[in-house]
Amino acid sequence: MTLSDAVAHLSPERWAGANRLLVRKALAEFAHERLFTPEPLGDDRYAVRSDDGTVEYRFTARRLRLDHWQVFPESITRHRGGTELPLHALEFFIELKDSLGLSDAILPVYLEEISSTLSGTCYKLTKPTVPAAELARADFQAIETGMTEGHPCFVANNGRLGFGVHEYLSYAPETASPVRLVWLAAPRSRAAFTAGVGLDYESLLRSELGEETLKRFAQTLTDQGLDPDDYLLIPVHPWQWWNKLSVTFAAEIAQHHLVCLGEGDDEYLAQQSIRTFFNTSDPAKHYVKTALSVLNMGFMRGLSAAYMEATPAINDWLAGLIDSDEVLKSTGLSVIRERAAVGYRHLEYEAATDRYSPYRKMLAALWRESPVPSLQEGERLATMASLLHTDREGASFAAALIEQSGLTPTEWLKHYLRAYLTPLLHSFYAYDLVFMPHGENVILVLKDGVVQRAVFKDIAEEIAVMDPDAVLPPAVERIRVEVPEDKKLLSIFTDVFDCFFRFLAANLVTEGVLDEDTFWTAVADCVRDYQESTPELADKFRQYDMFAPEFALSCLNRLQLRNNAQMVDLADPSGALQLVGDLKNPIAGL
């Protein structure tokens, strides 16, 4: 690849298209979060003015429930005085800096994230057009790498600060570039391996790497006068090796506390989360999740060695809970467990930092089960994020599945909601257990376009038990969190209703597949069916009312605009919430 080839996706036409799409999203989501209030102009036309009032954005939008703004991208124009100006996303944020609460310190870094997001969109626009109906019949990884939007709420959702353009082309999920992981050896005195019940280090590494690779790695250690039995093997993201460990951990390498063994033989594809890899050489093998010291969507994407130690135990506990609960089993819910984890402790960085520091999250990894071996005949897999995907003609993946299924939209939604929403409701009401159930964290099992069941993932870092009196095994204790009573149900209202169903409903309504009443009635029916099937929880249903008239609007972009390097205090996640007024509950009264 030449220097100019690396930026061939950055053409004027694609840049203009990417800017229009991003300004559309910014207008929609910032209006939703009440960072500004568009002025009605009549006939579904609206205007937003710059902080100094000299620039005006005009657009057409459809207002939907949950205060959703369905802004039509081709309708957006930008004006100063009597002159129409081209759309320019970076200038948009400068013009509305005060309205958005962007400080002088945050603004340039946020603009860098916006630039990276725009560049990524330009790359996606170079890919061949795949109609939604075709993608809906594609295989698991074609769907995974075919996603174009990223997180539906965040405007700067593909920052990936730290990637150069050559690294973007090598490691971004949408490029679908095969990746081989780098393997390091670390002395057992400084590294720790933990595994779930029934799994040990030797059997895991043998099944993942094979005898020949293990022999090659052992010979590398022996050739340096080192005993392979004294070392643990750690898989590493290639970017992390080249950009962090080879420099920041130079002392460890020089002293043979870390030994580079080379690449493994298997090829992987980066998933939407960018630091997790799916094994394409053998899809039945584990995913590998790696530390990646890249800033993306409000966090440095590292992995804590200390945090990893309890990961397998937490996953085993949750899998056991699901297996022992008849309601959860009846929905078909499963989790792909994080079966093993390994981490390295850099003693000097530990001495210099607190436990939340990125310096403690540079070298760790985990192995997560693949969902592929669990498939029955005729079943396929798709990231749930695909339900929000639309192709370049505006056709949605979800509508394509409904068409493929031959079911009515209501019947199709009933299957989907039973598989996805019912387990979340029961986990909340029966166990005070909550997930982070956004589209990237859920895999759907499909058959003939119909959702058969849901697979939840990213367990140990994302689940929480909000009951202060719940009896938890000591190794699982860290998932207990204190959440104020009035914020507990936001785990459903915000994470599911506002951050996922809002967009799914909007796509299906805009495409004419159904109307809003039909969508939200299906959701209300799912909630009611669940409640009627578990009358023993009636007191909890009254205490945490899914049919309450309103719930608090929790704003995600406000978190990132306030502090895009660490948007949530990990010591007090609920305390970081940005609550701005209320939203009308779309199932109240249904």
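Conventions and cut-offs
- Residues numbered from 1 in each chain as written.
- Predicted model: local features only at pLDDT ≥ 70, side-chain atom pairs only at ≥ 80, totals over all residues.
- Heavy atoms only, no water.
- Helix = DSSP H or I, 4+ residues; strand = E, 2+ residues; numbered from the N terminus.
- Rg over C-alpha atoms; globule rule 2.2 N^0.38 Å.
- Buried < 20%, exposed > 50% of the residue type's maximum accessible area, 1.4 Å probe, protein only.
- Contact = heavy atoms within 4.5 Å.
- Areas by Shrake-Rupley, 256 points an atom, 1.4 Å probe, with all protein chains shown as cover.
- Lys, Arg positive; Asp, Glu negative; His and termini not counted.
- Charge placed at Lys NZ, Arg CZ, Asp CG, Glu CD.
- Pairing = 2+ DSSP bridges.
- Axes fitted to C-alpha atoms, helices over the stretch in contact; angles between N-to-C directions.
- UniProt positions renumbered as here; feature names shortened; annotations may be inferred.
- Core = buried A, V, L, I, M, F, W, Y, C linked by side-chain atoms within 4.5 Å.
- Domains from an automatic or database assignment.
- Salt bridge = Lys/Arg side-chain N within 4 Å of Asp/Glu carboxyl O.
- Parallel < 35°, antiparallel > 145°, perpendicular 65-115°, else oblique.
- Left-handed = near helix turned anticlockwise from the far one by under 90°.

Colleague: Please clarify how the overall build of the chain should be interpreted in this entry.
Modeller: Broken down by element type, the chain carries 21 helices and 25 strands. Computed over its C-alpha atoms, the radius of gyration of the chain comes to 24 Å, within 12% of the 25 Å expected for a compact globule of 590 residues. Once the C-alpha set of the chain is aligned to its principal axes, its extents read approximately 80 × 60 × 45 Å. Counting over 590 residues, the chain shows a buried share of 57%. In the chain, 74% of the contacts between residues at least 6 apart in sequence involve partners at least 24 apart. Of the roughly 23700 Å² of accessible surface on the chain, 52% is carried by carbon and sulfur atoms. Here the chain contributes 55 positive and 84 negative side-chain charges, whose respective centroids are spaced 1 Å apart.

Colleague: Is there a simple way to think about the sheet that holds strand β10 (residues 259–263) in this case?
Modeller: Consider a sheet: its strands pair through backbone hydrogen bonds, and that pairing is either parallel or antiparallel. With antiparallel pairing, the three strands of this open sheet are ordered in space as β9-β7-β10. Lying at the two open borders of the sheet, with one neighbouring strand each, are β9 (231–236) and β10. Sheet twist, expressed as the average angle between the axes of neighbouring strands with direction ignored, equals 30°. By the bridge criterion, six bridges tie strand β7 (residues 182–187) to β9 in an arrangement that is antiparallel. Paired with Ala 186 across the strands is Leu 232, a residue of β9. Helix α9 (residues 211–223) rests against β7, β9 and β10 of the sheet, and its axis sits at about 150° to β10.

Colleague: Looking at this structure, how should I read the pairing of strand β13 (residues 287–290)?
Modeller: Two faces make up the sheet, and in a regular strand the side chains alternate between them. The side-chain alternation of β13 yields two buried faces, one formed by Tyr 287 and Lys 289 and the other by Val 288 and Thr 290. In terms of strand pairing, strand β12 (residues 276–279) meets β13 through two bridges, oriented antiparallel. Residue pairing across strands places Phe 277 opposite Val 288, the latter belonging to β13. With four bridges connecting them, β13 and strand β18 (residues 364–368) associate as antiparallel partners. Directly across from Thr 290, in β18, lies its bridge partner Ala 365.

Colleague: Hey, could you run me through the UniProt feature "domain: Aerobactin siderophore biosynthesis IucA/IucC N-terminal" (unreviewed entry) in the chain in this one?
Modeller: Mapped onto this numbering, the UniProt entry gives "domain: Aerobactin siderophore biosynthesis IucA/IucC N-terminal" (unreviewed entry) at residues 139–389. Between the first and last C-alpha atoms of residues 139–389 the distance is 15 Å; the span itself is 32% helix and 22% strand.

Colleague: I would appreciate a short explanation of the nonpolar core in the present structure.
Modeller: Burial of nonpolar side chains together is a common tendency in soluble globular proteins. If you look at the biggest cluster of nonpolar residues, it comprises 99 residues, and the most contacted ones within it are Leu 387, Tyr 416, Phe 497, Phe 501 and Met 546. Broken down by element, this core gets its largest block of residues, 14 residues, from helix α18 (residues 490–510). Inspection of this core shows a minimum of three residues originating in each of domain 2 (165–368) and domain 3 (378–584). Discounting residues that sit within four places of it in the chain, Tyr 416 has contacts with Met 384, Leu 387, Leu 421, Leu 444, Val 451, Phe 500, Phe 501 and Leu 504. Residues Val 179, Leu 232, Leu 261 and Val 288 belong to the second largest nonpolar core, which totals 45 residues.

Colleague: What am I meant to see in the pattern of salt bridges here?
Modeller: Two side chains with opposite charge may pair up if their charged atoms get near one another. In this structure the tally under the stated criterion is 36 salt bridges. The salt bridge partner of Arg 78 is Glu 91, with a shortest N-O separation of 2.6 Å. In this pair, Arg 78 sits in strand β5 (residues 77–80) while Glu 91 sits in helix α2 (residues 89–95), placing the two residues 13 residues apart along the sequence. You can call Arg 78 buried: its relative accessible area is 2%. Between Lys 97 and Asp 104 there is a salt bridge whose closest N-O contact spans 3.1 Å. Given the relative accessible area of 18%, Lys 97 is considered buried. Put simply, Arg 275, Lys 289, Glu 338, Arg 368, Asp 458 and Glu 461 are held in one network by salt bridges that share partners.

Colleague: I'm lost on the packing of helix α1 (residues 12–32) against helix α4 (residues 106–126) in this one. Help?
Modeller: To characterise two packed helices, one gives the angle between the axes of the helices and the distance between these axes. Between α1 and α4, the least distance of the axes is 9 Å, while the angle of their chain directions is 125°. Taken together, the axes of α1 and α4 lie oblique to each other. In this structure, the crossing between α1 and α4 has a hand that is right-handed. Across from Arg 14, Trp 15, Ala 18, Asn 19, Leu 21, Leu 22 and Phe 30 in α1, the residues of α4 making contact are Tyr 110, Ile 114, Ser 115, Thr 117, Leu 118, Ser 119, Thr 121, Cys 122, Leu 125 and Thr 126.

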